[in-house]
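# Architecture and fold: a report
Below, each chain spelled out in residue letters.
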Amino acid sequence: MGRPLIIAIDGPAASGKTTLARRLAQELNYLVFDTGILYRAVTWLALTRGEDPQDETRMTQLARALDINLHPDPQTGETRIYLQGRDVSQELHSPQVDAWVSVVAAHPGVRMALKDVQRRLALRGGIIVVGRDIGTVIVPEADVKIYLDASLEERARRRYEEARSRGHQVSFQQVLEDMRRRDMLDSSRDTAPLRPAKDAFILKTNGLTPEEVFERVMAVIRERTL
Ligand code: DC
C-alpha cells in the first residue's frame, strides 16, 4: 500500500460509515472527508435564512456560494465545521436539518454545484470519502469502494442514541419514521440515487462490532491494492 489511495465509503444513514472511516483513517493515517456535511450546510443556511428547501434554484445558488471551512479541533482532533466564520458543527446534525437535508440533496442543481469541490478534494488521495454516490458518481475511479448497509431498525436505533447523546429531545418512533422517509428519498431520486457501485464490496453491519467491520474492510483494502 505504498501509493496514497482513494477509498470510497457509501451507504444509507447510520450504517456505520463514519465510525469505519475514522478507524481506517487512524490506521492508514489518511484524512476523512464526510461529504454529507456539504448538503447539511446548504440545508442549515436555508433554514436559518427562512428560505424554502424545496426551491431548487435558490438552493443551487446557496450551494454555489458555499463558504465552508474545516478545522481540526486541537483538543479532540475532530473536524469542526465553520460556515461564514461560525462553528456550526453541532447545528448541522440538528433534527431540523435531518428532516430537510434529503430534500435539498435531491436537487440536481445542488448536486452539480457540489460535485467539483468533492472531486478535487478526493483526487488528492490518501483520503477516505464518505457519502452516498462517491463510488458511483463522484470518484468512480476510487481504488477501493465499500458499501455499508444495516436494517432500518438497527440504523434508527443507532441514530436515536446518537441524537440523545447530543442532547436532542426525540422519540425512537420519530427517528425511525424520519429515517424511513429519508431512505426513500435518497434511493428514489433521479440524480445519483443511493446504490452500490458494481465493483463495491457490500457489507451488512447488523450484529457486527465496529472492530469486526474494520477488520473485514482492511482485508478487502489489502486484497484490492496488492
Ligand atoms: O450522511 P449524512 O446523514 O450526513 O447525509 C445527509 C444527507 O445528504 C442525506 O440525505 C444524504 C445526502 N447525501 C448525499 O445525497 N450524497 C452524499 N454524497 C452525501 C450525503
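Structure: above.
What this report covers is the structure whose coordinates are included nearby. Everything numeric in this text was worked out from a predicted model, so none of it was measured.

Conventions used here
Residues numbered from 1 in each chain as written. Predicted model: local features only at pLDDT ≥ 70, side-chain atom pairs only at ≥ 80, totals over all residues. Heavy atoms only, no water. Pairing = 2+ DSSP bridges. Helix = DSSP H or I, 4+ residues; strand = E, 2+ residues; numbered from the N terminus. Axes fitted to C-alpha atoms, helices over the stretch in contact; angles between N-to-C directions. Contact = heavy atoms within 4.5 Å. Phe/Tyr/Trp six-rings, centres within 6.5 Å; stacked < 30°, edge-to-face > 60°. Lys NZ or Arg CZ within 6 Å of the ring centre and 35° of its normal. Parallel < 35°, antiparallel > 145°, perpendicular 65-115°, else oblique. Left-handed = near helix turned anticlockwise from the far one by under 90°.

### Topic: the sheet that holds strand β8 (residues 201-204)
With parallel pairing, the five strands of this open sheet are ordered in space as β2-β6-β1-β7-β8. For this open sheet the edge positions go to β2 (31-34) and β8, each flanked by a neighbour on one side alone. Direction aside, neighbouring strands of the sheet carry axes that sit 20 degrees apart on average. On top of the sheet, helix α5 (residues 108-122) reaches β1 (6-10), β2 and β6 (127-131); it is set at about 150 degrees to β6, its chief contact. In the packing of helix α9 (residues 210-224) onto the sheet, the strands contacted are β1, β7 (144-149) and β8, and the crossing angle to β7 comes to about 155 degrees.

### Considerations on the packing of aromatic side chains
Any pair of aromatic rings gets described here by the distance separating the centres and the angle formed by the planes. Per the counting criterion, the structure on display carries one aromatic pair. On the basis of an interplanar angle of 90 degrees and a centroid distance of 5.9 Å, the ring pair of Tyr 160 and Phe 172 is categorised as edge-to-face. Here Phe 172 lies in helix α8 (residues 172-188) and Tyr 160 lies in helix α7 (residues 152-165), a separation of twelve residues in the sequence. Here Arg 23 stacks its cationic end above the ring of Phe 214, 3.9 Å away from the centre of that ring.

### Observations regarding the packing of helix α2 (residues 36-48) against helix α4 (residues 95-105)
Interhelical geometry of α2 versus α4 gives an angle of 110 degrees and a closest axis separation of 8 Å. What the angle tells us is that α2 and α4 run roughly perpendicular. Handedness of the α2/α4 crossing: right-handed. For the pair α2 and α4, the contacting residues are Tyr 39, Arg 40, Val 42, Thr 43, Trp 44 and Leu 47 in the first and Gln 96, Val 97, Asp 98, Trp 100, Val 101, Val 104 and Ala 105 in the second.

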